[in-house]
Every structure is written in structure tokens, then in C-alpha cells.
Amino acid sequence: MHINHLLILGANSGIAEAVAYEAADKGIKLTLAGRSEEKLIALKSDLTIKYESEVDYVLFDAFNISLHEAFYDSLPNKPDAVLCAFGILGSQEKAQQDWQETNAVIESNFTGAISILNIIANDFEEKGAGIIAGISSVAGERGRQSNYIYGAAKAGFTAYLSGLRNRMAKSGVHVLTVKPGFVKTKMLEGLETPGPLTAKPEDAGKAILSAMIKKRNTLYYKSIWRLIMYIIKSIPEPIFKKLNL
Amino acid sequence: MQEITNWNLYPKVKAEVKSFTSKNELARLSGMHFDTIRGNGRSYGDASLGAKVIDTTAYNKVLSFDTEKGIITAQSGVLLSDLLEIIVPKGWFLPVTPGTKFITLGGAVASDVHGKNHHKEGAFSNHIEYLTLLDAHGNLVQCSKQSNSEIFKAACGGMGLTGPIVEISLRLKAIETAYIKQKQIKAKNLENLLPLFEENASYTYSVAWIDCLKKGENYGRSILMLGEHATKEEVKSSHKLKVPKSKALSIPFNFPSFTLNNFTIGAFNQLYYSKNISAVKEMVTPYEGFFYPLDNILHWNRIYGKKGFLQYQFVIPKNDGGKGIIKIMKMISNRGMTSFLAVLKTMGPEDTGYLSFPKEGYTLALDFPIRKGLFEFLDELDKVVIELGGRLYLAKDARMSASVFHKTYPNIELFREAAKKTNLSKDFNSDLNKRLSII
Ligand SMILES: Cc1cc2nc3c(=O)[nH]c(=O)nc-3n(C[C@H](O)[C@H](O)[C@H](O)COP(=O)(O)OP(=O)(O)OC[C@H]3O[C@@H](n4cnc5c(N)ncnc54)[C@H](O)[C@@H]3O)c2cc1C
Ligand SMILES: NC(=O)c1ccc[n+]([C@@H]2O[C@H](COP(=O)([O-])OP(=O)(O)OC[C@H]3O[C@@H](n4cnc5c(N)ncnc54)[C@H](OP(=O)(O)O)[C@@H]3O)[C@@H](O)[C@H]2O)c1
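Since the model is a prediction, treat every value here as computed from it, not as a measurement.

Colleague: How should I be thinking about the overall build of chain B in this particular structure?
Modeller: Each helix and strand counted, chain B has 13 helices and 21 strands in total. Over its C-alpha atoms chain B spans a radius of gyration of 21 Å, differing by no more than 12% from the 22 Å that the globule rule assigns to 439 residues. Viewed in the frame of its principal axes, chain B has a C-alpha envelope of about 60 × 55 × 45 Å. Residues classed as buried in chain B amount to 59% of the 439 residues present.

Colleague: What is the right way to read unusual backbone geometry from this model?
Modeller: Most peptide bonds take the trans form, and the phi angle of most residues other than glycine is negative. The linkage connecting A:Tyr221 with the following residue, A:Lys222, adopts the cis geometry, with an omega of -5°. By the element assignment, A:Lys222 lies in the loop between strand S9 (218-221) and helix H8 (224-234). Residue B:Pro11 is reached from B:Tyr10 by a cis peptide bond, and omega for that bond is -10°. Topologically, B:Pro11 is positioned in the loop between strand S1 (2-5) and strand S2 (12-19). Phi is positive for B:Asn148, close to 45°, though the residue is something other than glycine. For B:Asn148, the location among the structural elements is in the loop between strand S9 (140-143) and helix H5 (149-155). One non-glycine residue, B:Met159, lies in positive phi territory at about 55°. Inspection of the secondary structure puts B:Met159 in the loop between H5 and strand S10 (165-171). Judged by its relative accessible area of 9%, B:Met159 is buried.

Colleague: Would you mind going over the sheet that holds strand S6 (residues 71-75) of chain B with me for this structure?
Modeller: Strand pairs in the sheet, formed through backbone hydrogen bonds, run parallel or antiparallel to each other. Residues and elements named next belong to chain B. Across the sheet, 5 strands lie side by side as S5-S6-S10-S8-S9; this open sheet has antiparallel pairing. Whereas interior strands pair on both sides, the edge strands pair on one side only; in this sheet they are strand S5 (62-66) and S9. Strand-to-strand twist of the sheet, defined as the mean angle between neighbouring strand axes without regard to direction, takes the value 10°. Sheet strands touched by helix H2 (residues 80-87): S5 and S6. Its angle to S5, the strand with the most contacts, is close to 35°.

Colleague: Would you explain the sheet that holds strand S3 (residues 55-59) of chain A in this entry?
Modeller: Residues and elements named next belong to chain A. Reading across the sheet, the 7 strands line up as S3-S2-S1-S4-S5-S6-S9 and stay open at both edges, with parallel pairing between neighbours. On the outer flanks of this sheet lie S3 and S9, each paired with one strand and no other. Averaged over neighbouring strand pairs, the angle between their axes works out to 15° when direction is ignored. Relative to strand S6 (residues 173-180), strand S5 (residues 130-135) is paired through 6 bridges, and the arrangement is parallel. In the sheet register, glycine 130 faces S6, and the bridge partner there is valine 173. Contacting strand S1 (5-9), strand S2 (29-34), strand S4 (81-84), S5 and S6, helix H1 (residues 14-25) crosses the sheet at an angle of about 170° to S1. Taken strand by strand, helix H7 (residues 201-213) contacts S1, S4, S5, S6 and S9, and its axis lies near 170° from that of S9.

Colleague: Looking at this model, I keep getting lost on the site of ligand 1. Mind explaining?
Modeller: Residue and element names in this part refer to chain B. Neighbouring ligand 1 are 34 residues, the closest being Ile37, Arg42, Ser43, Thr104 and Tyr393. With respect to ligand 1, the backbone of glycine 107 contributes an N or O atom lying 2.9 Å from an oxygen atom. With respect to ligand 1, the side chain of tyrosine 393 contributes an N or O atom lying 2.7 Å from an oxygen atom. Coverage of ligand 1 by the protein amounts to 97% of the 970 Å² it exposes when considered alone. Elements supplying a minimum of two residues to the shell around ligand 1: strand S3 (36-38) and helix H3 (105-110). Ranked by residue count, the leading element in the shell around ligand 1 is H3, at 3 residues. Looking at the shell around ligand 1, its residues break down into 14 nonpolar, 16 polar and 4 charged.

Colleague: I'm lost on H2(B) in this one. Help?
Modeller: Each α-helix turn comprises 3.6 residues. Residues three or four places apart therefore point the same way. The buried fraction of H2(B) amounts to 6 of the 8 residues, a majority that puts the element mostly inside the structure. Within the span of H2(B), buried status applies to B:Leu80, B:Ser81, B:Leu83, B:Leu84, B:Ile86 and B:Ile87. Looking at the buried residues of H2(B), the elements they touch are helix H2 (37-51) of chain A together with S5, S6, strand S7 (92-93), H3 and helix H8 (287-291) of chain B.

Colleague: Quick question: what am I supposed to make of the site of ligand 2 here?
Modeller: Residues and elements named next belong to chain A. Neighbouring ligand 2 are 27 residues; Gly14, Lys39, Tyr150, Val183 and Thr185 lie closest to it. For ligand 2, an oxygen atom lies 3.4 Å from a polar atom in the backbone of glycine 181. Contact with the protein chains hides 92% of the accessible area of ligand 2, taken as 890 Å² for the molecule alone. Elements with a minimum of two residues in the shell around ligand 2: H1, helix H6 (148-168) and strand S7 (182-183). Considering only residue class, the shell around ligand 2 consists of 14 nonpolar, 9 polar and 4 charged.

Colleague: Before we go on, may I ask you to explain the UniProt feature "domain: FAD-binding PCMH-type" (unreviewed entry) in chain B in this structure?
Modeller: If you check UniProt for "domain: FAD-binding PCMH-type" (unreviewed entry), the listed places come out as residues 9-175 of chain B in our numbering. In this annotation, residues 9-175 of chain B is assigned 20% helix and 28% strand; the end-to-end C-alpha distance for the span is 36 Å.

Colleague: Looking at this structure, I do not really get the nonpolar core. What am I missing?
Modeller: The nonpolar side chains of soluble globular proteins are, as a tendency, buried together. Ranked by internal contacts, the top residues of the largest apolar core, which has 115 residues, are B:Ile87, B:Leu131, B:Leu344 and B:Ile438. Broken down by element, the residue count for this core peaks at 6 residues, all from helix H10 (residues 374-387) of chain B. Leave out the neighbours within four places in its chain, and B:Leu131 touches B:Val109, B:Val141, B:Gln142, B:Cys143, B:Phe152, B:Ala155, B:Cys156, B:Ile165, B:Glu167 and B:Ile168. Among the nonpolar cores identified, the runner-up in size contains 36 residues, and A:Ile8, A:Ala133, A:Val183 and A:Met212 belong to it.

Colleague: So what exactly am I meant to see when it comes to the interface of chain B and chain A here?
Modeller: It is common to give the size of an interface as the accessible area that goes away when the parts come together. On the side of chain A, 14 residues touch chain B, which itself brings 20 residues to the contact. Where chain B abuts chain A, roughly 1400 Å² becomes buried across the two surfaces, and 47% of that area is made up of carbon and sulfur atoms. Area buried by chain B at its contact with chain A is led by B:Ser19, B:Lys61 and B:Val62, which between them contribute 33% of it. Run the count over chain B and chain A and you get 5 salt bridges. In this structure, B:Lys90 engages A:Glu52 in a salt bridge whose closest nitrogen and oxygen atoms are separated by 2.7 Å. The interface formed by chain B and chain A holds 9 residue pairs in polar contact (both at pLDDT 80 or more) in total. Mapped onto the side of chain B that touches chain A, the elements with two or more residues apiece are S2, helix H1 (23-30) and S5 of chain B. Residue contributions to the side of chain B that touches chain A peak at 4 residues, all from S5(B).

Colleague: Can you walk me through H7(A) in this structure?
Modeller: Residues and elements named next belong to chain A. Between the first and last C-alpha of H7 there are 18 Å, a value that for 13 residues agrees with the 18 Å anticipated at 1.5 Å per step. Those residues of H7 that sit buried are Pro201, Ala204, Gly205, Ala207, Ile208, Leu209, Ala211 and Met212. One or two positions beyond H7, positive phi appears at lysine 215, with a value near 55°.

Colleague: It is not clear to me how the pairing of S3(A) should be interpreted in this structure. Could you clarify?
Modeller: Working note: regular strand, side chains alternate between the two faces of the sheet. Residues and elements named next belong to chain A. Taken together, the 5 bridges between S2 and S3 define a ladder with parallel strand orientation. Bridging from a neighbouring strand, leucine 32 pairs with tyrosine 57 of S3. In this region the chain leaves S2, passes through H2 and returns to the parallel neighbour S3; the handedness of that crossover is right-handed.

Colleague: Explanation requested: the side chain of B:Ser76 in the structure shown.
Modeller: Residue and element names in this part refer to chain B. By secondary structure assignment, the location of serine 76 is in the loop between S6 and H2. Take serine 76: its relative accessible area is 1%, and that puts it in the buried class. Side-chain polar atoms of serine 76 contact the backbone oxygen of isoleucine 165, separated by 2.9 Å. Not counting chain neighbours up to four residues away, the residues in contact with serine 76 comprise Thr56, Tyr59, Thr104, Leu105, Gly106, Ile165, Val166 and Ile168.

Rules and cut-offs
- Residues numbered from 1 in each chain as written.
- Chains lettered and ligands numbered in written order.
- Predicted model: local features only at pLDDT ≥ 70, side-chain atom pairs only at ≥ 80, totals over all residues.
- Heavy atoms only, no water.
- Helix = DSSP H or I, 4+ residues; strand = E, 2+ residues; numbered from the N terminus.
- Rg over C-alpha atoms; globule rule 2.2 N^0.38 Å.
- Buried < 20%, exposed > 50% of the residue type's maximum accessible area, 1.4 Å probe, protein only.
- Pairing = 2+ DSSP bridges.
- Axes fitted to C-alpha atoms, helices over the stretch in contact; angles between N-to-C directions.
- Contact = heavy atoms within 4.5 Å.
- Near = heavy atom within 4 Å.
- Polar contact = N/O pair within 3.5 Å; in protein donor to acceptor, adjacent residues only side chain to side chain.
- Areas by Shrake-Rupley, 256 points an atom, 1.4 Å probe, with all protein chains shown as cover.
- Nonpolar A, V, L, I, M, F, W, Y, C, P; charged D, E, K, R; others polar.
- UniProt positions renumbered as here; feature names shortened; annotations may be inferred.
- Core = buried A, V, L, I, M, F, W, Y, C linked by side-chain atoms within 4.5 Å.
- Buried area = accessible area lost by both parts, 1.4 Å probe.
- Salt bridge = Lys/Arg side-chain N within 4 Å of Asp/Glu carboxyl O.
- Expected span 1.5 Å × (residues − 1).
- Right-handed = clockwise from strand over helix to strand, strands pointing away.

Below, the structure written as C-alpha cells:
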């Protein structure tokens, strides 16, 4: 499958930027959507200067659900592929005490993503073509005490993407679920993660774009995470609940 | 908290490191009493070390590139290597480049770096259109040689003590090809080398590599490398502005220090010299090998082992015809302090920055693996450098004393006054500053 015009929601995420460079290198037209105009302008000029590619940007905030419809309507040219990349990890400890924190995690990873993808999916379905990719997480495969609010939101998003893929299968629209393990972006700043399991954003970006083009259903990145999560999921609950994960 | 260290792996400190990707995020961090700004950690010492560090490397976007005028503007964390990939194919080059391309633009300004062309084209600050800095109130201040010039003079060479440099606009140099027309001249010893520098002073680029191990009358045998950007006619390839991609090798782990004895260094130097058989050799070569001979060996710094090494770079005036250089080289050899690399360059007049390192004369850079007696020995060398009217390069220093610094950087008061304008409450206070009491 060919992508001509990719819309990236949360374009300034470390992973999303890597996808953008990869796409620009392949000559794919880009629409960058994010909530910081300064970051969008900087990314746009960097991409344009490095790849002489066609790039525009639009302001977009996942939390402003009431504006999502208008946001998509306002795009002068509709994309034929979309990557939904925004999301915050938040602080599990804080979220346990503070509803606002919990809500921000849920809205950015789940509600906000679903709101905008509903709108885009309907448009793609009508056209009978398109690729939708959503970045979920391996954290959504099984709840763990260290990040289960984030994990729960991602689990919901994974279920959404799987259902959407099922619905769209007959209309020629493809849906990809991306499940990263650790990717060295701002999200992991200050966290020590095991080197061999930690991916560089550039590599994740390449893998994501290629999985979109190849119409894969699920991408674990790095791929070893498929096995790791298989093992984690197969631990019996009576044992699992006592583990310090 | 994570352990950080610069290129020479000494000293190592535990630090809280935060990055940013917008001015707002930077302003927020600056307001939280971070004490050091860090680029790509290619300095040798404690300049970009501290307990709370702002890392600029994610703030790395190119904002504009005027391919007609050759002016590029970028965020301070962009690497020179990234800039080269953009500008060379369009017929432009960095006006000044250090011996590695893996440094940030902000690091180039804050150290006011010099290249092999200092005697002809000055340091980095000589080619800057303008800079923006973040002041203590979170406001952006623009400065250049002409406007807010005190801030400009403080920021260039100011080692990050003026607060963060945010954006940099740089005037590039036009080139016809991505190649260098290079000439190598062998010199038997230092006495022969120094006059060669003078005879070839008209070359834009010049540098000499010195073998510090050969004893006797061959002591200081060296190779002088001269270069000019090659013209279209001088390059045979049909892709004049493109060079073949060279493959990087990596030194994967720290060498145990015992492997680095005189024997291995001698073998290395032997290899280097035997490759250059004839006394004078001319060739046209891709720019990377000429400017960045070590960049192809990633992590070559690990060859010195975990303990790390020190680089000692000083500049001394030429008035004694280079006798000072010979004197210092002899002190090193007599003490059996081996240096892996010794690099000699000439420098032109002083630059704009209050704390810029260059001044007219010779500059010599030597690497010493850390071992017993080294620090005391370098204290002795400091005295000789001061006597000869020279000074040490802050970007390469991990050990000089505050008194040596204050004796050799006469513009310190002007610097302090100007630094107050952007770093009012001395929030930015790197380990280098703690050691040398600069502000
Ligand atoms: C192999 C090698 C060869 C070299 N050759 C040369 C040479 O030929 N000539 C030469 O001049 N130097 C040379 N250097 C030294 C190097 O160019 C300087 O140390 C340079 O400053 C490193 O930049 P960096 O981005 O790695 O910064 P760092 O090492 O992280 O920091 C250096 C200084 O810059 C400050 N700084 C960095 N970014 C900012 C910012 N945005 N705002 C304010 N302050 C900032 C830091 O606080 C610190 O004081 C060489 C280094 C190596 C490793
Ligand atoms: N990094 C990992 O290890 C990892 C692992 C598994 C899954 N993931 C998922 O991968 C995706 C990308 O993460 P990343 O690692 O690239 O993170 P990142 O660099 O921290 O980027 C997150 C991005 O989300 C944006 N964002 C947050 N809330 C938003 C909102 N309300 N509206 C619009 N944008 C919003 C942020 O915008 P601002 O730039 O304006 O702040 C930021 O650019 C996320 O969904 C994350 O959950 C990451």
C-alpha cells in the first residue's frame, strides 16, 4: 500500500517525530497536529529544510473533544493515513490521590484518541480506503501496580483499535495497533530502563511506518516484547498479584 | 539521577538531567534552579557538569536556511554533523569547525571554538549573525557584535555561565566542492616544524600531528597538514558536493589502562607515519577525513581505560619563535609522560569573547592518561605557560587552579559585569565555575 498524505496527531512526541522524518524521507506529504505551535513550526522547518518535503501543521489538543469535529473539517486536504501518537504516562502515585491526574492520563490515552479516531474512521470508511495507526502500549496487556491507570487507558485503546480493525476490514480501511515496550523519548526521562529492551525512537519510527505501509495488524516494538508479554500474561493471577511489578 | 561525564571520562558526577523541546519548557527549567547547561558532552572536563543539568540535545531543529546568502539559523542543541549534511550539498561549509563534528551549535558558541583556520578566519564568534539567550526573568534577549554586544561577548566563550543560548544564526562559507586539497609535509623534529608553519601561513587550514615518543634528534617528528577547499576543476568525481559515506567503527568498551603503555602508543604512531612515506604529499580528499580524522572511530576515548584522561591545551605567544613549545615538549618527554595525540596549530589575534581562548601564537593540545603524578606535573606546566604569557583552554580543562585561571584571563571583570545581565543571581554555576570562581 502506498501512503500519500499522513496526518500525525501528537506530532511532537519523540516517536511521532521519528515517523515524520522517515515519512518525509519517503516523499510522503505530512500534516503535523499538536498543541504547541512553537514545536510544530520548528519541526516543520526542520523537515522542509532536510527533505524539501511538503509539510503543514495544525493546532490540535486531544483534551478539547468538542473541537475535534471542527479540527478535522478544517483540514483543506484530507489525509489517506493517520497516526495517533499523543499520550501521557503521568504519575501513578499522583494519579492514585488526584483525580485530575488520573483523568488526564485517561483522556490523553483513551477518550481523546477515540474521539478523534471515530471521526477519521467514518471519513475513511466512506472513502473505502485509508490506514489508521494508533500507538497503544505493552502496558495495556496486563495491569501492574506501577502504572495500571496508564495501563488501563492503553488496554481500552487496544480494545478500541482491535474492534475498529474488525469493523473496517470489509471497507478497505486498515488499522494498525502499535505496542511499544521502552522507547527512549522524553516519556522515559529520568527512568532507568534495561538497555537491550530499550529502542531508539529512530528505529521505532522506521518500524511503525513500514508496518503501516505493509498493513500489519499489530506491531510490538522491539519485537521481543511479544514474547515478554506472552510470559507476563501467562503468570497465574494468585502468583502475579504478589509480584512487585 | 544518572552518572554523566564528558569526553575524557573525568570527572564523573551524579546529576539530574532534564531536556526540553521548546522555549517555554526551557524557561520553566531555568526557573527551577538548574545549574548547568550541557550540549553533547564533547568538552574535556567539568564545564558541562553539575548536580542539576539542562540537556540541550533534544532542542535540535533547524529553523531556517537561506541558501542564497548562506545563513543558517537553528536551535542550540543541533549537532554540527547534522548541519553539515544539510549545508554541504548546497555548497556551504561551517566557517569554523573543531576536530569533531559531534558537538552542538550551543557548545560551539559557549566555548567559542576554533579550527585549523584560526590564524586566517578567527574563532566561531567571528561568524555569528546573532544569538538569542534566555535571561534570568525568562525573557529572550537577542545579541550580536553590534547589538547588546556585551552580552554577545560574554556568551561567546562564556562556558554556559551566561545562561542558556537558545537560537543561533550562523554565516556559512561558500564552497565549490566537498573536497579538500591537502598537502602533507613531514618534519624531522620540532625545530624543523615551526618554520614550516610560518612558510605556509597563507594556507587556510593548517595543523601538525606530533609524535612525542621518538627520542633523541627525532624527538618531535611530525606531519604538517595543510588544506584548501578544492575547486570544481580539482575534483574528478562528477558529484562535486557529495562525498562517499564513510563507515564508523566503534570502540565497544573501556580498554584496561595497562594496554596503553608506551609500546602501544609507539606502534600507533609508527603506523601513522609509515602510511605517509614521502616527505611531501598532495592529494584531494573528502572533507571528513581532513577535518574529523577521529570521528570514524566512535568512542575512541575509551581507549584510555575507565579512569579517563586529561587533555592539556594551551596557547603561547610566538615572540620567542616557538622556543616555549620546544621547552614544554622536552619537559613532557623528560618526565616520561606519554601523550597519545599531540596537535599543534597556529592562532591569529584574540576574538571578541571576553573568555575566548585563542590569542596570537601557537596552541598545543596533548592527551595524558590519568595516572599518579600527572596532576602535579601539569601544575608545573601551568607555571611555564603563565611565564610564557599563555593560557589554558577552558573547554579542555578539568584541573587548573582558580589562581592560574585568574592570572591568565584578563577580561574576567568585564565578563562578570556582562554575565549579570542574563545570569543575574548566578543560578548557572557549573562545576567548572565552582572550581575556578569565574562568576
Ligand atoms: C575529538 C575532539 C576534538 C576537538 N577539537 C577541538 C578543536 O579543534 N577546537 C576547539 O575549539 N574545540 C575542540 N574540541 C572541544 C569541543 O569543540 C568543545 O568542548 C565544545 O564546546 C563541545 O560542545 P558540546 O556540544 O559537546 O558541549 P558540552 O561539552 O556539553 O559543553 C561545553 C560547554 O558549552 C556550554 N554549553 C553547551 N550548550 C550550551 C547552550 N545552549 N547555552 C549555553 N551554554 C552551552 C556548556 O555549559 C559547557 O560550558 C574537541 C573535542 C573533541 C572531543
Ligand atoms: N516511550 C515509550 O517507552 C512508550 C512506550 C509505550 C507506549 N508509548 C506511547 O507512544 C506514544 C508516544 O510517546 P512518546 O514516547 O513519543 O512520548 P513523548 O515524547 O513524551 O510525547 C508525547 C506527546 O503527546 C503529546 N500530548 C500529550 N497530551 C496531549 C494532548 N492533550 N493533546 C495533544 N497532544 C498531547 C505531547 O505534546 P507536547 O509536546 O505539547 O507536550 C507530546 O508531544 C504515547 O501514546 C505513549 O503512551 C511510549
